[in-house]
Amino acid sequence: MDDKQPSLLFKEKESLLLIESERLKTFGEWPNELSWACTPQKLAHAGFYFSPGPESLDNVCCLFCQKELDGWEPDDDPLKEHKKHSATCPFLSLKKPVEKLTLVEFVRLNMKIASLKTIKILDKTRKEFEEQSNTTREEIIEHINQK
Ligand SMILES: [Zn+2]
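Every value quoted in this text rests on a predicted model; they were computed, and no experiment measured them. (Residues numbered from 1 in each chain as written. Predicted model: local features only at pLDDT ≥ 70, side-chain atom pairs only at ≥ 80, totals over all residues.)

Student: What exactly am I supposed to notice about the overall build of the protein here?
Tutor: Each helix and strand counted, the protein has five helices and three strands in total. If you list the helices and strands of the protein from N to C, you get α-α-α-β-β-β-α-α. The globule rule puts the C-alpha radius of gyration for 147 residues at 15 Å, and the 19 Å found for the protein is more than 25% above it. The C-alpha extent of the protein, read off along each of the three principal axes, is 65 × 40 × 30 Å. Out of the 147 residues belonging to the protein, those deemed buried represent 18%. Considering only intrachain contacts with a sequence separation of at least 6, the fraction spanning at least 24 residues in the protein is 51%. (Helix = DSSP H or I, 4+ residues; strand = E, 2+ residues; numbered from the N terminus. Rg over C-alpha atoms; globule rule 2.2 N^0.38 Å. Buried ≥ 20, exposed ≤ 12 C-beta atoms within 10 Å, placed from the backbone. Contact = placed C-beta atoms within 7 Å.)

Pasting the structure below:
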(Lines give C-alpha, C1' and ligand atoms only; values in the text may rest on other atoms or scores of the structure.)
Protein backbone atom coordinates (compact mmCIF):
# COMPACT_ATOMS: atom_id res chain seq x y z
CA MET A 1 0.00 0.00 0.00
CA ASP A 2 1.20 3.49 -0.82
CA ASP A 3 2.21 5.20 2.44
CA LYS A 4 0.91 8.56 1.23
CA GLN A 5 -2.61 7.16 0.86
CA PRO A 6 -4.72 7.80 3.96
CA SER A 7 -5.69 4.58 5.65
CA LEU A 8 -8.87 3.79 7.57
CA LEU A 9 -6.97 1.51 9.90
CA PHE A 10 -4.34 2.62 12.38
CA LYS A 11 -0.76 1.67 11.79
CA GLU A 12 0.75 -0.09 14.81
CA LYS A 13 2.70 2.99 15.96
CA GLU A 14 -0.39 5.20 15.55
CA SER A 15 -2.66 2.93 17.57
CA LEU A 16 -0.38 3.39 20.62
CA LEU A 17 -1.38 7.07 20.56
CA LEU A 18 -4.87 6.06 21.66
CA ILE A 19 -3.26 5.88 25.13
CA GLU A 20 -2.71 9.19 26.95
CA SER A 21 0.77 8.33 28.32
CA GLU A 22 1.95 7.48 24.78
CA ARG A 23 0.59 10.79 23.43
CA LEU A 24 2.46 12.63 26.18
CA LYS A 25 5.76 11.04 25.05
CA THR A 26 5.39 12.78 21.63
CA PHE A 27 5.84 16.22 23.29
CA GLY A 28 9.61 15.84 23.78
CA GLU A 29 10.45 18.78 21.51
CA TRP A 30 7.47 20.95 22.56
CA PRO A 31 8.49 24.54 21.67
CA ASN A 32 6.30 26.48 24.14
CA GLU A 33 7.17 27.42 27.73
CA LEU A 34 6.57 24.54 30.13
CA SER A 35 5.45 27.10 32.75
CA TRP A 36 2.38 27.91 30.67
CA ALA A 37 -1.02 26.73 31.87
CA CYS A 38 -1.35 25.03 28.48
CA THR A 39 0.97 22.07 29.16
CA PRO A 40 1.84 18.93 27.17
CA GLN A 41 0.09 16.96 29.97
CA LYS A 42 -3.17 18.84 29.39
CA LEU A 43 -2.80 18.53 25.61
CA ALA A 44 -2.23 14.76 25.83
CA HIS A 45 -5.12 14.46 28.30
CA ALA A 46 -7.35 16.32 25.80
CA GLY A 47 -6.59 13.69 23.12
CA PHE A 48 -3.78 15.43 21.25
CA TYR A 49 -0.33 14.29 20.22
CA PHE A 50 2.47 16.59 19.05
CA SER A 51 2.71 16.84 15.26
CA PRO A 52 4.80 19.92 14.34
CA GLY A 53 5.15 21.21 10.79
CA PRO A 54 7.62 23.72 9.29
CA GLU A 55 4.97 26.49 9.44
CA SER A 56 3.34 25.46 12.71
CA LEU A 57 5.89 24.56 15.34
CA ASP A 58 3.31 23.87 18.07
CA ASN A 59 0.86 21.92 15.94
CA VAL A 60 -1.01 19.11 17.68
CA CYS A 61 -3.35 16.54 16.19
CA CYS A 62 -6.23 14.50 17.58
CA LEU A 63 -5.96 10.85 16.60
CA PHE A 64 -9.70 10.41 17.12
CA CYS A 65 -11.09 13.18 14.85
CA GLN A 66 -7.89 14.21 12.96
CA LYS A 67 -8.41 17.84 14.02
CA GLU A 68 -5.15 19.79 14.00
CA LEU A 69 -4.63 22.90 16.15
CA ASP A 70 -1.67 25.26 16.52
CA GLY A 71 -0.86 28.78 17.71
CA TRP A 72 -1.39 27.88 21.38
CA GLU A 73 -1.62 30.72 23.92
CA PRO A 74 -0.28 30.45 27.50
CA ASP A 75 -3.75 30.21 29.07
CA ASP A 76 -5.49 28.05 26.48
CA ASP A 77 -7.44 25.10 27.83
CA PRO A 78 -6.78 22.20 25.39
CA LEU A 79 -10.01 20.38 26.27
CA LYS A 80 -12.11 23.53 25.72
CA GLU A 81 -10.32 24.24 22.42
CA HIS A 82 -10.88 20.64 21.31
CA LYS A 83 -14.62 20.94 22.04
CA LYS A 84 -14.81 24.33 20.33
CA HIS A 85 -13.15 23.15 17.10
CA SER A 86 -14.39 19.57 16.90
CA ALA A 87 -17.58 19.14 18.90
CA THR A 88 -18.38 15.71 17.43
CA CYS A 89 -14.98 14.16 18.21
CA PRO A 90 -15.55 10.61 19.59
CA PHE A 91 -12.75 11.11 22.14
CA LEU A 92 -14.72 13.90 23.83
CA SER A 93 -17.71 11.63 24.48
CA LEU A 94 -15.61 8.86 26.07
CA LYS A 95 -16.55 8.29 29.70
CA LYS A 96 -13.26 6.52 30.55
CA PRO A 97 -9.71 6.15 29.21
CA VAL A 98 -9.33 4.04 26.05
CA GLU A 99 -7.45 1.30 27.93
CA LYS A 100 -10.49 0.84 30.24
CA LEU A 101 -13.02 0.41 27.40
CA THR A 102 -14.75 -2.92 26.92
CA LEU A 103 -14.10 -4.69 23.63
CA VAL A 104 -17.52 -3.62 22.30
CA GLU A 105 -16.90 0.02 23.31
CA PHE A 106 -13.44 -0.14 21.71
CA VAL A 107 -14.83 -1.53 18.43
CA ARG A 108 -17.54 1.18 18.41
CA LEU A 109 -14.91 3.87 18.98
CA ASN A 110 -12.83 2.55 16.08
CA MET A 111 -15.90 2.49 13.82
CA LYS A 112 -16.58 6.16 14.64
CA ILE A 113 -12.94 7.06 13.96
CA ALA A 114 -13.03 5.18 10.62
CA SER A 115 -16.28 6.93 9.70
CA LEU A 116 -14.75 10.38 10.43
CA LYS A 117 -11.65 9.43 8.42
CA THR A 118 -13.87 8.34 5.52
CA ILE A 119 -15.66 11.70 5.51
CA LYS A 120 -12.32 13.52 5.55
CA ILE A 121 -10.91 11.42 2.68
CA LEU A 122 -14.11 11.88 0.63
CA ASP A 123 -14.04 15.65 1.21
CA LYS A 124 -10.42 15.84 0.10
CA THR A 125 -11.08 13.68 -2.97
CA ARG A 126 -14.15 15.75 -3.91
CA LYS A 127 -12.13 19.01 -3.62
CA GLU A 128 -9.33 17.57 -5.77
CA PHE A 129 -11.86 16.38 -8.35
CA GLU A 130 -13.54 19.82 -8.47
CA GLU A 131 -10.18 21.58 -8.88
CA GLN A 132 -9.14 19.18 -11.64
CA SER A 133 -12.49 19.53 -13.44
CA ASN A 134 -12.26 23.34 -13.28
CA THR A 135 -8.75 23.24 -14.77
CA THR A 136 -9.85 20.85 -17.51
CA ARG A 137 -12.93 22.99 -18.30
CA GLU A 138 -10.72 26.08 -18.66
CA GLU A 139 -8.32 24.17 -20.93
CA ILE A 140 -11.19 23.00 -23.16
CA ILE A 141 -12.63 26.53 -23.41
CA GLU A 142 -9.18 27.91 -24.21
CA HIS A 143 -8.70 25.21 -26.86
CA ILE A 144 -12.08 25.97 -28.48
CA ASN A 145 -11.38 29.72 -28.48
CA GLN A 146 -8.06 29.18 -30.26
CA LYS A 147 -9.79 27.59 -33.27
ZN1 LIG B 1 -10.71 15.02 18.40
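Student: How should I be thinking about the environment of Pro-78 in this particular structure?
Tutor: Inspection of the secondary structure assignment puts Pro-78 in helix α4 (residues 78-85). Spatially, the C-alpha atoms of Pro-78 and Lys-42 are 6.3 Å apart, while their sequence positions differ by 36 residues. Ignoring anything within four residues of it in the chain, the contact list for Pro-78 reads Cys-38, Lys-42, Leu-43, Ala-46 and Phe-48.

Student: How should the environment of Ser-86 be read in this particular structure?
Tutor: By the element assignment, Ser-86 lies in the loop between α4 and α5 (103-146). For Ser-86, a count of 20 C-beta atoms within 10 Å gives the class buried. Between the C-alpha atoms of Ser-86 and Ala-44, which are 42 residues apart in sequence, the distance is 16 Å. If we ignore the near neighbours within four places in the chain, the residues touching Ser-86 are Cys-62, Cys-65 and Lys-67.

Student: Quick question: what am I supposed to make of unusual backbone geometry here?
Tutor: In terms of backbone geometry, most residues other than glycine have negative phi values and most peptide bonds are trans. Although it is not a glycine, Gln-66 adopts a positive phi angle of roughly 65 degrees. Positionally, Gln-66 belongs in the loop between β2 (60-62) and β3 (68-69).

Student: Looking at this model, I keep getting lost on the sheet that holds β3. Mind explaining?
Tutor: Hydrogen bonding along the main chain pairs the strands of a sheet, whether they run parallel or antiparallel. Spatial strand order, β1-β2-β3: three strands in an open sheet with antiparallel pairing. Edge strands, defined here as strands with exactly one partner in the open sheet, are β1 (48-50) and β3. Strand direction decides the pairing type here: β1 and β2, joined by three bridges, are antiparallel. In the strand pairing of β2, Tyr-49 is matched with Cys-61. (Pairing = 2+ DSSP bridges.)

Student: What is the right way to look at the nonpolar core in this model?
Tutor: Burial of nonpolar side chains together is a common tendency in soluble globular proteins. Among the nonpolar cores identified, the biggest contains 19 residues, and Phe-48, Tyr-49, Val-60, Cys-62, Leu-63 and Phe-64 are the most heavily contacted of them. For this core, the secondary structure elements donating two or more residues are α3 (40-45), β1 and β2. In this structure Val-60 touches Leu-43, Phe-48, Tyr-49, Phe-50, Ser-51 and Leu-69, once residues within four positions along its chain are discounted. (Core = buried A, V, L, I, M, F, W, Y, C linked by C-beta atoms within 7 Å.)

Student: What is the right way to read the environment of Val-60 from this model?
Tutor: Assignment of secondary structure puts Val-60 in strand β2. Separated by 17 residues in sequence, Val-60 and Leu-43 have C-alpha atoms that sit 8.2 Å apart.

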